[in-house]
Amino acid sequence: MGQTLFTNVRIFDGNAKRTYSGEVLLQGNLIQKVAKSPKKIKANGADVIDGAGATLMPGLIEPHAHICYVDGVALPEIGRIPPADHMVLALENARVMLDAGFTGCFSAAGVGESKLRIEIALRDAINSGKFPGPRLLAASPEITSTAGLGDERKQHMYEESVGLVADGADEVRRACRMCVREGVDNLKINISGDEFVRHGHAQQLTYNDAEVAAAAEVAEMTGVNIACHARADQAVRMALKHGINIIYHADYANNKTLDMLEAKKKDVFLAPAVGIVYTAAYEASDWGITTEIAESMNMLSKLENTYRVYHEVRKRGIRALPGGDYGFAFNPIGTNARDLEHFVNLFGYSPSEALIAATKLGGELMGMNLGQVKEGYLADLLLVDGDPTHDVSILQDRDSFLAILKDGNFHKTPDPDVMAARRQIAAPAAAE
Ligand SMILES: [Zn+2]
């Protein structure tokens, strides 16, 4: 495997809050050496890329991906797509995510019992190197109860659900084991409901203690990850009780529950997935969700709760990751980086804190040496025109990515003309 040397770059390493000037040497798929200016790395035959003062940073990681969702308005649409067509759409989504700077995706659910294999096949297709896409940890469909979030069935006609419906501890156990047999990396269970469905609201539990225990037991026995949808306070507590440490939303966590999360902050990951609620509340009238409808769905008061909880989460140093639930018409796949801006604007994160959450903490969630520009780490990197530690919104513009690398391979190669033009206008990165 060859060597690539980035010179004349500002490095955001995923750890320090500020960038610094330096050089980075890649050997194959790994970061072999990082030098802080004025130190230099000998080229020794490596391909040298003069970064023209651009920012080299870890690839973004989406902690709650729905890479097989197809930018529809409502969940039932997902069930209606034939499997063959759906596979093609999933392959396209994978490329779109990588184009958008996301080199890692921790999936928070695939697409329904009959199409369980799509996300697994997608992961394997990406890993084969034949199709572009992020590193993907593939998930089960949402394992949910009858009348829970994801149960879109109808009494009078057949409707394929996006969730995998299982009731009672035995059925939940069997559903989880089936997903493990088919090759998922992540199990996902819905412990509470959601505003987006008529039945099973956000503050209601949709699984009981025995059902959650059964899912947690399968994860424990088989070594797969387990994550949960838990908006209600009691749902968060139930997750903690059963050692489910990847907790999505947690919007209604009260102060006592926040204390419990803080006590387990070395183990716990939260992801609010605020983008979908924000866009549904304020930007989805073209799709029939007017502000009045959003209000009637309780979204505005829920957002207030989310803001309260995540200001507190930030202050307490509990790990919370931006991203989640992109894959709907008003919150489409590939716009996931907007969540970093939401963290800054809505939760009081600094741009650097949001970036660390989207890179280093994402790597911790993935359970890999990922998400940092650090020796020995995997070479998933972005070369960015501009400094995202000053303004995270630049990551929403694909043209700001001068280069995208995954596993040491260029998905987007620096354009020599663009780099030459950049060198004309940008002075070399100043030494610190
Ligand atoms: Zn989700």
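Residues numbered from 1 in each chain as written. Predicted model: local features only at pLDDT ≥ 70, side-chain atom pairs only at ≥ 80, totals over all residues. Heavy atoms only, no water.

1. Re the pairing of strand β12 (residues 225–230)
Here is step 1: Most of β12 sits inside the fold, with 5 of its 6 residues counted as buried.
Here is step 2: The parallel pair strand β11 (residues 186–190) and β12 is bridged by helix α5 (residues 209–222), and the resulting crossover is right-handed.
Here is step 3: Both β12 and strand β13 (residues 246–249) contribute to a ladder of 4 bridges, which runs parallel. The residue of β13 that forms the bridge with A227 is I246.
Here is step 4: Following the backbone out of β12, through helix α6 (residues 233–241) and into the adjacent parallel β13, one traces a crossover that is right-handed. (Buried < 20%, exposed > 50% of the residue type's maximum accessible area, 1.4 Å probe, protein only. Helix = DSSP H or I, 4+ residues; strand = E, 2+ residues; numbered from the N terminus. Right-handed = clockwise from strand over helix to strand, strands pointing away. Pairing = 2+ DSSP bridges.)

2. Focus: the pattern of salt bridges
Here is step 1: Summed over the entire model, instances satisfying the criterion amount to 30 salt bridges.
Here is step 2: In this structure, E217 engages R173 in a salt bridge whose closest nitrogen and oxygen atoms are separated by 3.1 Å. Taken as a pair, E217 in helix α5 and R173 in helix α4 (residues 168–182) lie far apart in primary sequence, 44 residues in all.
Here is step 3: Here the salt bridges do not stand alone but share partners, grouping D194, E195, R231, D251 and K302 into one network. (Salt bridge = Lys/Arg side-chain N within 4 Å of Asp/Glu carboxyl O.)

3. Examining the packing of aromatic side chains
Here is step 1: Counted by the stated rule, this structure contains 9 aromatic pairs.
Here is step 2: Ring geometry for F343 against F347: centres 5.1 Å apart, planes inclined by 65°, an arrangement best described as edge-to-face. A residue pair is termed a helical-turn pair when its members lie 3 or 4 positions apart in one helix, as F343 and F347 do in helix α11 (residues 338–347) at 4 residues. Here F343 and F347 have matching classes, each one buried.
Here is step 3: What links up through ring pairs into an aromatic cluster is the set Y307, Y310, F343, F347 and Y349.
Here is step 4: In this structure, K36 packs its charged tip against the face of Y20, placed 4.9 Å from the ring centre.
Here is step 5: Looking at R319, its charged tip hangs above the ring of F269, at a distance of 3.9 Å from the centre. (Phe/Tyr/Trp six-rings, centres within 6.5 Å; stacked < 30°, edge-to-face > 60°. Lys NZ or Arg CZ within 6 Å of the ring centre and 35° of its normal.)

4. A short note on the nonpolar core
Here is step 1: Of all hydrophobic cores here, the largest spans 105 residues; its most connected members are I143, L187, I247 and L270.
Here is step 2: In terms of residues, this core owes the most to one element, helix α10 (residues 299–316), which gives 7 residues.
Here is step 3: Each of domain 1 (3–59 + 372–425) and domain 2 (60–366) accounts for three or more of the residues forming this core.
Here is step 4: Counting 21 residues, the second largest nonpolar core, distinct from the first, contains F6, I49, A52 and V373. (Core = buried A, V, L, I, M, F, W, Y, C linked by side-chain atoms within 4.5 Å. Domains from an automatic or database assignment.)

5. Digging into the coordination of the zinc ion
Here is step 1: Within the first shell, the zinc ion binds the protein through H64 (NE2), H66 (NE2) and D325 (OD), at distances of 2.0 to 2.2 Å.
Here is step 2: In primary sequence terms, the donor set of the zinc ion follows H-x1-H-x258-D. In this pair, H64 sits in strand β6 (residues 60–65) while D325 sits in the loop between α10 and α11, placing the two residues 261 residues apart along the sequence. We note that H64, like D325, is buried. (Donors = N, O, S within 2.8 Å, 3.2 Å for Na, K, Ca; no water.)

6. Digging into the domain arrangement of the protein chain
Here is step 1: Assigned domains within the protein chain: domain 1 (3–59 + 372–425) and domain 2 (60–366).
Here is step 2: A straight line from the C-alpha centre of domain 1 to that of domain 2 covers 31 Å.
Here is step 3: Each partner contributes to the interface: domain 1 provides 26 residues, whereas domain 2 provides 28 residues.
Here is step 4: In total, domain 1 and domain 2 occlude about 2,200 Å² of area from one another, counting both sides; carbon and sulfur atoms represent 61% of this.
Here is step 5: Considering only the surface of domain 1 that becomes buried against domain 2, V392, R398 and K406 emerge as the three largest contributors, covering 26% of it.
Here is step 6: On inspection of domain 1 and its partner domain 2, the count reaches 3 salt bridges.
Here is step 7: When the shortest N-O distance is used, the salt bridge between E353 and K17 registers 3.6 Å.
Here is step 8: Across the contact surface, domain 1 and domain 2 share 8 residue pairs in polar contact (both at pLDDT 80 or more).
Here is step 9: Broken down by element, the side of domain 1 that touches domain 2 gets its largest block of residues, 4 residues, from strand β16 (residues 401–406).
Here is step 10: Across the side of domain 1 that touches domain 2, the residue classes break down as 12 nonpolar, 9 polar and 5 charged. (Contact = heavy atoms within 4.5 Å. Buried area = accessible area lost by both parts, 1.4 Å probe. Polar contact = N/O pair within 3.5 Å; in protein donor to acceptor, adjacent residues only side chain to side chain. Nonpolar A, V, L, I, M, F, W, Y, C, P; charged D, E, K, R; others polar.)

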